[in-house]
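Survey of secondary and tertiary structure
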Amino acid sequence: MKVVGLGSLPLVLVAITRPTGPELARCELTHIDRVPIDIDRAMEQHAAYVATLVDLGVSVHELDRLPGHPDAVFVEDTALVLDALAVMLRPGAVSRRGELSSVAEALARYREVVWLEGPGSVDGGDVIVLGRTLLVGRTSRSDVAGITALEAAVAPFDYVVREVTVTDCLHLKTAATAVDHETIIAHRPFADLDGVDARIIEVPPDEPQGANVVSVGATLLADATAQLTLRILEKAGFDIRPVDVSEFAKAEGALTCKSLILTASSREGSGSTLRSPAPQ
Ligand code: CIR
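To keep things clear, this report deals only with the structure shown in the data block. (Residues numbered from 1 in each chain as written. Predicted model: local features only at pLDDT ≥ 70, side-chain atom pairs only at ≥ 80, totals over all residues. Heavy atoms only, no water.)

1. Re the environment of Leu233
This is how the line gets drawn: Per the convention used, a helix needs a DSSP run of H or I reaching at least four residues, while a strand needs a run of E reaching at least two, with both numbered from the N terminus. Throughout, a contact is declared for two residues whenever any of their heavy atoms are within 4.5 Å.
Structurally, Leu233 is set in helix 5 (residues 227–235). Counting along the chain gives 193 residues from Leu233 to Asp40, while the straight-line C-alpha distance between them is 30 Å. What Leu233 contacts, discounting residues up to four positions off in sequence, is Ile185, Ile201, Val213, Leu220, Ala222, Phe238 and Ile240.

This is the structure:
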């Protein structure tokens, strides 16, 4: 087994992402109505998201587009990447299961890869990693059998799973995300976080989209449309990068959905498939 970080090479952050195209118009929708997506704008927003990551020093491993899979840009749902292993999940939408093999192939470069066994399902958008605790949302995509299988897969690596009830939104991470190892930002009406051992920052009631942030080192990527939340986070001392994902919101996606971020040794985190930051 390959354990990242025990060697002498420095660690770098790698983000696995995937571009989108006209197929996004046929995305799965659960809680919102279909409205036209401006595909050119979505592609620009994706490019800006990737550029922000690169600017923050992240090496971006961009997968090939999958035109037959409308939701393939939302790579987060396919896998859970922990320090010691990557778990290929079982997305609750059967239409999305064809996205997994190419993600697994990419992850094999960085982690031991294991596959979650059926019949249950878990989407990556339902998993918040908070230290050694995995908060897993029970949603239309992640069911008891899937959550139980995930618990068994990660127990040998000293992770515990805690189920969270989610209502009125697609994923747990639509409602809440980790800003660091002990703090969660949340739109509480969507997720029952009572009893969760974490500091909780609440977003203003009119800005549920503000509850989805991506933590990159000391910086948070936050939704550019959540102006009040941006100010709350800034006041709390966080370094913020506002990012516009409004076209992806029409596909029920948010910031975290568009990447899988992991640490890797600098040797793993370099190579021809990666867009790396320019040397300083
Ligand atoms: C879906 O329904 O699967 C996609 N249209 C949206 C997935 C968003 N992913 C995420 O929140 N992690």
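That covers the picture; the talk isn't over yet.
2. So, the site of the ligand
Applicable threshold: A single heavy atom is enough: if one lies within 4 Å of a molecule or strand, its residue is considered near that molecule or strand. Polar contact criterion, stated in full: a pair of N or O atoms within 3.5 Å, where within protein one must be able to donate a hydrogen and the other to accept it, and residues adjacent in sequence count only if both atoms are side-chain atoms. All accessibility values rest on the Shrake-Rupley procedure with a 1.4 Å probe; residue burial counts only the protein chains present in the view.
The ligand sits among 15 residues. The nearest are Glu28, Asp71, Glu76, Asp77 and Ala251. Interatomic distance of 2.7 Å between a side-chain N/O atom of Asp71 and a nitrogen atom of the ligand. Measuring from an oxygen atom of the ligand, one finds a side-chain N or O atom of His171 at 2.9 Å. Considered on its own, the ligand offers 340 Å² of accessible surface; in the complex 98% of this is hidden by protein.

3. Quick word on the nonpolar core
Applicable threshold: Grouping buried Ala, Val, Leu, Ile, Met, Phe, Trp, Tyr and Cys residues that are joined through side-chain atoms within 4.5 Å yields what is termed a nonpolar core. Only protein chains enter the accessibility calculation, which uses a 1.4 Å probe; a residue is then buried when its area is under 20% of its type maximum, exposed when over 50%, and partly exposed in between.
Of all hydrophobic cores here, the largest spans 24 residues; its most connected members are Leu24, Tyr49, Leu53, Phe74, Leu221 and Phe248. When contributions to this core are tallied by element, the ones reaching two or more residues are helix 1 (39–55) and strand 12 (214–216). Looking at this core element by element, the count peaks at 6 residues for helix 1. Val75, Ala104, Tyr110 and Ala264 belong to the second largest nonpolar core, which has 18 residues in total.

4. Some details on the packing of aromatic side chains
What counts here: Pairing of aromatic rings covers Phe, Tyr and Trp, the last counted by its six-membered ring, and requires centre-to-centre distances within 6.5 Å; plane angles under 30 degrees mean stacked, over 60 mean edge-to-face, and any other angle means tilted. Distance and angle both matter: a charge sits over a ring if NZ of Lys or CZ of Arg is within 6 Å of the ring centre and within 35 degrees of the ring normal.
What the rule picks out here adds up to 1 aromatic pair. Summarising the aromatic geometry, the rings of Phe74 and Phe248 are spaced 6.1 Å apart at their centres and angled 85° between planes, so their arrangement reads as edge-to-face. Of this pair, Phe74 sits in the loop between strand 2 (59–62) and strand 3 (79–81) while Phe248 sits in helix 6 (residues 246–249), and the two are 174 residues apart along the sequence. Accessibility expressed as a relative area gives 3% for Phe74, which makes it buried. Geometry around Tyr49 places Lys258 over its ring, the cationic atom sitting 5.0 Å from the centre.

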